[in-house]
Amino acid sequence: MEEIIVAPLIIFMLIVAPIWLILHYRSKRQISQGLSEEEYTQLSELAELADKMSDRIKTLEAILDAESPDWRNKV
């Protein structure tokens, strides 16, 4: 009975556990490194696009307010 438990336990400790630990600490290291240069560039571009879009929305709302003051109530 004890032999049934020992064999899978040995296989787990020799094969699965080391691979599991290596992958775990590799992912922890990647998370702690923060954003890569490419990710930072993409984030900056997206922030710039969001600012431009916000300006456009404000402009469109100002135009609509001038041409049709009750447009907000119609929505």
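A few points on the structure. (Residues numbered from 1 in each chain as written. Predicted model: local features only at pLDDT ≥ 70, side-chain atom pairs only at ≥ 80, totals over all residues. Heavy atoms only, no water.)

1. Details of the pattern of salt bridges
One pass over the structure, following the stated rule, counts three salt bridges. Put simply, Lys52 and Glu48 hold a salt bridge, and the shortest N to O gap is 3.7 Å. Remark: Glu48 and Lys52 occur in helix H2 (residues 37–67); sequence separation between them is four residues, near one turn of the helix. Under the relative-accessibility criterion, Glu48 is labelled partly exposed at 47%. For Asp65, the salt bridge is made with Arg72, and the minimal N-O distance between the two is 3.3 Å. The network of salt bridges with shared partners includes Glu61, Asp65 and Arg72. (Salt bridge = Lys/Arg side-chain N within 4 Å of Asp/Glu carboxyl O. Helix = DSSP H or I, 4+ residues; strand = E, 2+ residues; numbered from the N terminus. Buried < 20%, exposed > 50% of the residue type's maximum accessible area, 1.4 Å probe, protein only.)

2. Focus: the packing of aromatic side chains
In total, this model carries one aromatic pair according to the counting rule given. With centroids separated by 6.3 Å and ring planes inclined at 80°, the aromatic side chains of Phe12 and Trp20 adopt a geometry described as edge-to-face. For Phe12, a relative accessible area of 32% translates into the label partly exposed. (Phe/Tyr/Trp six-rings, centres within 6.5 Å; stacked < 30°, edge-to-face > 60°.)

3. Quick word on a nonpolar patch on the surface
A contiguous nonpolar patch, built from Val6, Leu9, Ile10, Ile11, Phe12, Met13, Leu14, Ile15, Val16, Ile19, Trp20 and Leu23 and spanning about 1,200 Å² of accessible area, is present on the exposed surface. Tracing the sequence through the fold places Phe12 in helix H1 (residues 2–32). (Patch = residues over 30% accessible without salt bridge, like charges linked within 9 Å, V, L, I, M, F, W, Y side chains within 5 Å. Areas by Shrake-Rupley, 256 points an atom, 1.4 Å probe, with all protein chains shown as cover.)

4. Details of the environment of Glu61
With respect to the helices and strands, the residue Glu61 is situated in helix H2. With a relative accessible area of 28%, Glu61 lands in the partly exposed category. Between the C-alpha atoms of Glu61 and Val16, which are 45 residues apart in sequence, the distance is 60 Å. Residue contacts for Glu61: discarding those within four places in its chain leaves Trp71 and Arg72. (Contact = heavy atoms within 4.5 Å.)

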